[in-house]
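# Observations on chain architecture
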Amino acid sequence: ELESSNGDIEVRAAKKLPVGRITITGRKGDITLVLPANAGFQIDATARKGDINTDFRHIKVDKERGATSQATGTVGNGAAHVVINSDVGDINISKG
């Protein structure tokens, strides 16, 4: 679990994600998650006042009228469950 009240968060995963739940919460600032291209994970992400961008084609991003963006999906075997919440800031999920 990782949390920041003020400032950007950047997480770069090693070659393999741990099995289980990974939670990243940011109050003010962008959140960047860089995962291996062959990573297996499920994602539930919410940006209340911000955008969500991703390189993974199996992740579906929806933006509501009130500026809330949500992303969900399963990539690969879905072994890890990644939960990202941002109050003010963008969420970037990329391959690295």
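Residues numbered from 1 in each chain as written. Predicted model: local features only at pLDDT ≥ 70, side-chain atom pairs only at ≥ 80, totals over all residues. Heavy atoms only, no water.

Here we take up the sheet that holds strand 3 (residues 20-28). Read across the sheet, 6 strands follow the order 1-3-9-5-8-7 without closing on themselves; strand pairing throughout is mixed. Every interior strand has two partners, whereas the edge strands, strand 1 (2-4) and strand 7 (59-63), have only one. In this sheet, adjacent strand axes meet at a mean angle of 5° when their direction is disregarded. The pairing of strand 5 (residues 41-49) with strand 8 (residues 69-75) spans 7 bridges and is classified as antiparallel. When the sheet's bridge partners are listed, D44 is paired in strand 8 with T72. (Pairing = 2+ DSSP bridges. Helix = DSSP H or I, 4+ residues; strand = E, 2+ residues; numbered from the N terminus. Axes fitted to C-alpha atoms, helices over the stretch in contact; angles between N-to-C directions.)

Let's shift gears to the side chain of T46. The residue T46 is located in strand 5 in this model. Among the residues examined, T46 registers a relative accessible area of 17% and is labelled buried. Sequence-distant contacts of T46, that is, excluding residues within four places in its chain, are made with I52, T68, S69, Q70, I84, N85, S86 and I91. (Buried < 20%, exposed > 50% of the residue type's maximum accessible area, 1.4 Å probe, protein only. Contact = heavy atoms within 4.5 Å.)

What follows is about the side chain of T23. Looking at the element boundaries, T23 is found in strand 3. Looking at T23, the relative accessible area reads 15%, which means it is buried. Those residues in contact with T23 that lie beyond four places of it in its chain are E1, L2 and V83.

For the rest of this paragraph, the subject is the packing of aromatic side chains. By the definition in use, this model includes 1 aromatic pair. For the ring pair F41 and F56, a centre distance of 5.2 Å and an interplane angle of 85° mean the geometry is edge-to-face. Of this pair, F41 sits in strand 5 while F56 is found in the loop between strand 6 (52-54) and strand 7, placing the two residues 15 residues apart along the sequence. Sitting above the plane of the F56 ring, K95 keeps its charged end 5.4 Å from the centroid. (Phe/Tyr/Trp six-rings, centres within 6.5 Å; stacked < 30°, edge-to-face > 60°. Lys NZ or Arg CZ within 6 Å of the ring centre and 35° of its normal.)

Judged by nonpolar contacts, the single largest core of 21 residues is most densely connected at L35, F41, I43, I59, I84, I91 and I93. Of all the elements in the fold, those that place two or more residues in this core are strand 4 (31-35), strand 5, strand 8, strand 9 (80-88) and strand 10 (91-95). The greatest single-element share of this core, amounting to 4 residues, is contributed by strand 5. Residue contacts for I93: discarding those within four places in its chain leaves L33, L35, I43, I52, N53, T54, D55, F56, I59 and I84. (Core = buried A, V, L, I, M, F, W, Y, C linked by side-chain atoms within 4.5 Å.)

The subject of this paragraph is the sheet that holds strand 2 (residues 9-12). Here 4 strands make up an open sheet; going across it, the order is 2-4-10-6 and the pairing parallel. Since the sheet does not close on itself, it has two edges, and those belong to strand 2 and strand 6, each with one partner. Each neighbouring strand pair of the sheet contributes to a mean axis angle of 10°, computed without reference to strand direction. Where strand 2 lies against strand 4, 4 bridges are found, and the strand directions are parallel. Its bridge partner lying in strand 4, R12 is registered against V34.

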